[in-house]
Amino acid sequence: MVAALLLTGLSGWSLGASAQPDPLPSWNDGKSKQAIVDFVAKVTREGGPDFVKPAERIATFDNDGTLWAEQPVYFQVQFAFDEVKRLAVQNPDWKTKEPFRSVLARDLKGLAASGEKGLLQIMAATHTGMTTDQFAAAVANWLASARHPSKQRRYDEMVYQPQLELLAYLRTNGFKTFIVSGGGVEFMRVFAEKAYGIPPEQVIGSTGVVKFRIGGDGRPELFKDSKVEFVDDGPGKPVGINRFIGRRPILAFGNSDGDLQMLQYTAAGSGARLALIVHHTDAEREWAYDRTSKIGKLDKALDEAKAKGWTVVDMKTDWKTVFPASK
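Let me begin by describing the structure that accompanies this report. (Residues numbered from 1 in each chain as written. Predicted model: local features only at pLDDT ≥ 70, side-chain atom pairs only at ≥ 80, totals over all residues. Heavy atoms only, no water.)

1. A few points about the packing of aromatic side chains
And step 1. In total, this model carries 16 aromatic pairs according to the counting rule given.
And step 2. A ring pair is formed by W27 and W319, whose centres lie 5.8 Å apart and whose planes are at 75°; its orientation type is edge-to-face. Taken as a pair, W27 in the loop between α1 (2-16) and α2 (31-44) and W319 in the segment after α13 (315-318) lie far apart in primary sequence, 292 residues in all.
And step 3. When its relative accessible area of 1% is taken as the criterion, W319 is described as buried.
And step 4. Their ring planes at 10° and their centres at 4.3 Å tell us that W94 and F100 sit as a pair that is stacked. By the burial criterion, W94 is buried, and F100 matches it.
And step 5. Joined through ring pairs, the aromatic side chains of W68, F75, F79, F135, W142, Y155, F187, F191 and Y196 make up one cluster.
And step 6. Directly above the ring of F135 sits K224, whose terminal nitrogen or CZ lies 4.7 Å from the centroid. (Phe/Tyr/Trp six-rings, centres within 6.5 Å; stacked < 30°, edge-to-face > 60°. Helix = DSSP H or I, 4+ residues; strand = E, 2+ residues; numbered from the N terminus. Buried < 20%, exposed > 50% of the residue type's maximum accessible area, 1.4 Å probe, protein only. Lys NZ or Arg CZ within 6 Å of the ring centre and 35° of its normal.)

2. Here we look at the nonpolar core
And step 1. Core analysis: the biggest nonpolar cluster contains 54 residues, and F61, L166, F187 and Y196 have the highest contact counts within it.
And step 2. Tallying contributions element by element places helix α6 (residues 132-145) first for this core, with five residues.
And step 3. Ignoring anything within four residues of it in the chain, the contact list for L166 reads L24, W27, I36, F61 and F253.
And step 4. Listed in part, the 17 residues of the second largest apolar core include F178, V180, L298 and A301. (Core = buried A, V, L, I, M, F, W, Y, C linked by side-chain atoms within 4.5 Å. Contact = heavy atoms within 4.5 Å.)

3. Concerning the packing of helix α10 (residues 236-244) against helix α11 (residues 260-267)
And step 1. Packing of α10 against α11 brings their axes to within 7 Å, and their N-to-C directions diverge by 55°. Our classification of the angle between α10 and α11 gives oblique. Across from K237, P238 and I241 in α10, the residues of α11 making contact are Q261, M262 and Y265.
And step 2. In terms of residue class, the contact of α10 with α11 is made up of four nonpolar, one polar and one charged. (Axes fitted to C-alpha atoms, helices over the stretch in contact; angles between N-to-C directions. Parallel < 35°, antiparallel > 145°, perpendicular 65-115°, else oblique. Nonpolar A, V, L, I, M, F, W, Y, C, P; charged D, E, K, R; others polar.)

4. Some remarks on the side chain of S206
And step 1. Looking at where S206 falls in the secondary structure, it is placed in strand β4 (residues 203-214).
And step 2. Residue classification places S206 among the buried positions, given a relative accessible area of 15%.
And step 3. For S206, the residues in contact, after removing those within four places along its chain, are S181, G182, G183, G184, V185, F230, V231 and D232.

5. As for unusual backbone geometry
And step 1. A cis geometry characterises the amide bond from Q71 onward to P72, with omega recorded as 0°.
And step 2. One can find P72 in the loop between β1 (58-61) and α3 (75-87).
And step 3. Residue P99 follows E98 across a cis peptide bond; omega there is 5°.
And step 4. Position of P99 relative to the elements: it lies in the loop between α3 and α4 (100-104).
And step 5. Here the phi dihedral of R106 falls at roughly 55°; this positive angle occurs in a residue that is not glycine.
And step 6. Along the polypeptide, R106 turns up in the loop between α4 and α5 (108-127).
And step 7. You will see that Q152, though not glycine, has its phi angle at about 55°, which is positive.
And step 8. The topology assignment puts Q152 in the loop between α6 and α7 (161-172).
And step 9. Judged by relative accessible area, Q152 falls into the exposed class, the value being 54%.

Structure below.
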């Protein structure tokens, strides 16, 4: 009997002492993963010199190129192009009117010739002149039907599996996770909670003017105006963080020069800080680009990361997998 009890006790002790599951299984063991795990451990260790109270555990993430892919064009721009095609029936003059003609004819040279002015016209035609509910429905319908041209995935399945694990790992350890992106805030809010577990009130992005009015049916509504209100990119990111969060992050994750100021602002705070950059180096599983890319250019931020000792995540070597399994 004694022997049986002893064996039972030892068996229970053995099971209890088994290793905990890896919270970041899609990350290869290495400097990047270790930097994340070590940082989380020290800021959550009560009584330790680097302990940070849960209320101050703010983590900010860029979206395009950091949480989901951004090639061959930013996905919100692709949405705008697809909306031009959908709305062309209601706007027959677009067949001969630039820049819409170029979009409908898939004339890349013509579209490039229209420049920034043309892109702003396309964005205005597809993002404004409607209620916020109408816009959200258009985005949701597009996400449900559109597919990435080369990966043949839904765009909301072009998210990065390692980053989903990191977001969950941070939240498990008392962090509050935010998106801070140059993308349109109302575009991202449609999918952010389902895709990343980040609720709409924790999404910060570029905004246009929105006005309150009473609709034709007598119900209150918010109408999207064509005027730009706030651009949450580059130096606008720390401004947006200050305006909408009110706390300096202790962790920030980006992938391009548009994230440089957010990373600088985060790293400059007192106490333990972690600034991370995704370096797109995997041409086989995703895309390889950095200093000369027109989308997600990573040049000055890469130099500063090396100079300041920030963590540069090499997609090819640090991530076991890139995208989640298809649903």
